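# Working through the structure, step by step
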Amino acid sequence: MWIALNWTLTTLAIACWSALCLALQAVARLLGSASGRPSDWLQALERWQFPAWLADWLPMAAITALKSWLTDWLSGIGPWLDIAAAAWPALLSDWLAPLLWLLWGVGTVSLLGLGLVGHVLVRALGAPRGPAATVQARSQGA
């Protein structure tokens, strides 16, 4: 049972990690599509549509609140976005997307490694194995 719980949690962590990387890629594409001025970034955010499957799960009030929070956040970091936007297309095409997916791969392998460590720990801390355990089990069964 503990091994199944370990791998279920590992799978859930990998799914969350993958969703985060996909969201970061979507944000990078959104920001790359704007020309660089804060007003363009805000217009790009207004044009952005939530995926249909996500809209089915979230109430419209939550989607509206998230969009307004993102709008406020983008308004606050506008000067930094102006600086980054001048180099954004080059950054996006040259190294940002490959770096993001490299980080995804490293994170996924790390999470799988943690799952393997958990598996080994559950096995090590579980019922004793080997000849002594077999003799003990036979003596209790008899």
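Everything below is about the structure shown above.
Conventions adopted
- Residues numbered from 1 in each chain as written.
- Predicted model: local features only at pLDDT ≥ 70, side-chain atom pairs only at ≥ 80, totals over all residues.
- Heavy atoms only, no water.
- Patch = residues over 30% accessible without salt bridge, like charges linked within 9 Å, V, L, I, M, F, W, Y side chains within 5 Å.
- Areas by Shrake-Rupley, 256 points an atom, 1.4 Å probe, with all protein chains shown as cover.
- Salt bridge = Lys/Arg side-chain N within 4 Å of Asp/Glu carboxyl O.
- Helix = DSSP H or I, 4+ residues; strand = E, 2+ residues; numbered from the N terminus.
- Buried < 20%, exposed > 50% of the residue type's maximum accessible area, 1.4 Å probe, protein only.
- Contact = heavy atoms within 4.5 Å.

This part covers a nonpolar patch on the surface. On the surface, M1, W2, L5, L9 and L12 cluster together into a nonpolar patch covering about 610 Å² of accessible area. Its location among the elements puts W2 in helix α1 (residues 2-33). For W2, a relative accessible area of 56% corresponds to the exposed category.

Moving on to the environment of A97. Following the sequence through the fold, A97 ends up in helix α5 (residues 78-125). Separated by 72 residues in the primary sequence, A97 and Q25 have C-alpha atoms spaced 7.1 Å apart.

Our next topic: the side chain of T10. Along the chain, T10 turns up in helix α1. Taking the relative accessible area as the measure of exposure, T10 reaches 7% and is therefore buried. For T10, the residues in contact, after removing those within four places along its chain, are L111, L112 and G115.

As a further point, take the environment of G113. Along the chain, G113 turns up in helix α5. With a relative accessible area of 29%, G113 lands in the partly exposed category. Each C-alpha atom of the pair G113 and T10 lies 9.4 Å from the other, and the pair is 103 residues apart in sequence.

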